[in-house]
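# Chain and residue survey
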2 protein chains.
Amino acid sequence: MAINDTKTAILDSAQDLIQRLGANAMSYDHISKSVGIRKASIHYHFPTKENLLESLLERYNENFLKIVDDLFSSSDPEDKKLLKYMGLFEATLQDGDHDKACLCGMLGAELFTLGPAAADRVRYFYNENEKRLTSLLDNGKKKGNFKFKGNSKKLAALIFSFLEGALLLVRAEGGVKKFQSVKEQMMDLVKS
Amino acid sequence: MAINDTKTAILDSAQDLIQRLGANAMSYDHISKSVGIRKASIHYHFPTKENLLESLLERYNENFLKIVDDLFSSSDPEDKKLLKYMGLFEATLQDGDHDKACLCGMLGAELFTLGPAAADRVRYFYNENEKRLTSLLDNGKKKGNFKFKGNSKKLAALIFSFLEGALLLVRAEGGVKKFQSVKEQMMDLVKS
DNA sequence: TAAAACTATTCTACTAATTGGTAGATAAGA
DNA sequence: TCTTATCTACCAATTAGTAGAATAGTTTTA
């Protein structure tokens, strides 16, 4: 297997485990079994667990923010963009064997058990998302695509908190269907 | 130490650890050191970890829902009640050594690593909170204390997801102050 | 009342499994 | 041949959980 294929397979497996069970329930042994490679080989590519988490977060953040940037720079009206943005979280839920939460949502719960570099990358993900949401709301409000009381920055933080929370909670009951229904409700709130 | 004092001290310590670090980062050894009692003695009171989690969730749910019921049955107007309800989550954040999330928010992230009985109690907490919020929103809307598009049940689920999410996320950055600001923003949303 | 019996609680000392991580041999590619 | 990648085989720490001895605290009984 080409080196990047192995590295990718390891990261994929780790991400899957964390999104479903959390970082503290994920182990090199689990990854080893799922990838079909020995534990020591994983240590060759990612010497420590903290190291693996950092690489994983770097990849995740880059991918996700790239998608958001593409989406937000399209010609859709702002309300449509928000709906699609929330759809990204919905897609996570349906990905693979289902019931995956956002990687950074899971790691947010376990934040104080992470090393400082990984924790910083989680914070970065939150900040970058809220930044992009803030300007989306701002633009949309100016053009009349949104109508809401309060200010865009606070609303952005509210929406992002809501999305991360909903992604975690609907796994307990309701699943994708419930996520869709609260998503629609959120659209109602920002248009009145 | 009287038996209930010991049991209470164990549950207190376990709750503190889970609210800060998560259930999978909490161990009998940690509790042992924090309570000042041997590990085997904890097993005497709570034979298995799953057992301990069940007892802890039973206590937590009962306490929290009792407070909510008292709050919601007061004579305050509904919008005031919602503000106070959100204040309960804010108080969690400031409790003890700070940075505690909701117990069931933390366990929601780790839901698929829990035993079925503990997982059921987490679901119960979610359902009971959403139930109470739904009727609060319903009543408040009828009396004109709230003004929002959409339906009360969906909005209740949205608000609850938001609160659980915010409680997790502000621990990364912003803390209590940020929680207060998104709380105020939420009040704005349900009154327009 | 005092001793004996019983029960409840905590202790020391262990086990087996799992954890992250390492050393060094072996194989595969360039 | 030299580098890259994977392997076997280990280590020390931590995990949940157990066995059984040692205390406390109560009750019962002589």
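Whatever comes next refers back to the structure up there.
Presented here is a report on the structure given in the accompanying data block.

So, how was this worked out
- Residues numbered from 1 in each chain as written.
- Chains lettered and ligands numbered in written order.
- Predicted model: local features only at pLDDT ≥ 70, side-chain atom pairs only at ≥ 80, totals over all residues.
- Heavy atoms only, no water.
- Helix = DSSP H or I, 4+ residues; strand = E, 2+ residues; numbered from the N terminus.
- Rg over C-alpha atoms; globule rule 2.2 N^0.38 Å.
- Buried < 20%, exposed > 50% of the residue type's maximum accessible area, 1.4 Å probe, protein only.
- Contact = heavy atoms within 4.5 Å.
- Areas by Shrake-Rupley, 256 points an atom, 1.4 Å probe, with all protein chains shown as cover.
- Buried area = accessible area lost by both parts, 1.4 Å probe.
- Salt bridge = Lys/Arg side-chain N within 4 Å of Asp/Glu carboxyl O.
- Polar contact = N/O pair within 3.5 Å; in protein donor to acceptor, adjacent residues only side chain to side chain.
- Nonpolar A, V, L, I, M, F, W, Y, C, P; charged D, E, K, R; others polar.

What follows covers the overall build of chain A. Looking only at helices and strands, chain A has nine helices and zero strands in total. Element order for chain A, N to C, with α for helix and β for strand: α-α-α-α-α-α-α-α-α. Radius of gyration (C-alpha) of chain A: 18 Å, near the 16 Å computed for a compact globule of 192 residues. Referenced to the eigenvectors of the C-alpha coordinate spread, the extents of chain A come out at roughly 55 × 30 × 30 Å. With 192 residues in all, chain A has 54% of them scored as buried. For chain A, restricting intrachain contacts to residue pairs at least 6 apart in sequence, the fraction spanning at least 24 positions comes to 69%. With the model as given, the accessible surface of chain A reaches about 8000 Å², and the carbon-plus-sulfur share is 50%.

Moving on to the interface of chain B and chain A. Between chain B and chain A, the residue contacts involve 44 residues of the former and 44 residues of the latter. Counting each side, the surface lost to burial between chain B and chain A is near 4100 Å², with a carbon and sulfur contribution of 65%. For the interface between chain B and chain A, the tally reads two salt bridges. A salt bridge links K178 of chain A to E130 of chain B, with the shortest nitrogen-to-oxygen separation between them at 2.9 Å. Our enumeration of links across chain B and chain A arrives at 16 residue pairs in polar contact (both at pLDDT 80 or more). Broken down by secondary-structure element, the contributors of at least two residues to the side of chain B that touches chain A are helix 1 (3–21), helix 6 (103–109), helix 7 (116–143), helix 8 (152–169) and helix 9 (175–189) of chain B. At twelve residues, helix 8 of chain B tops the list of elements feeding residues into the side of chain B that touches chain A. In the side of chain B that touches chain A, the residues fall into 20 nonpolar, eleven polar and 13 charged.

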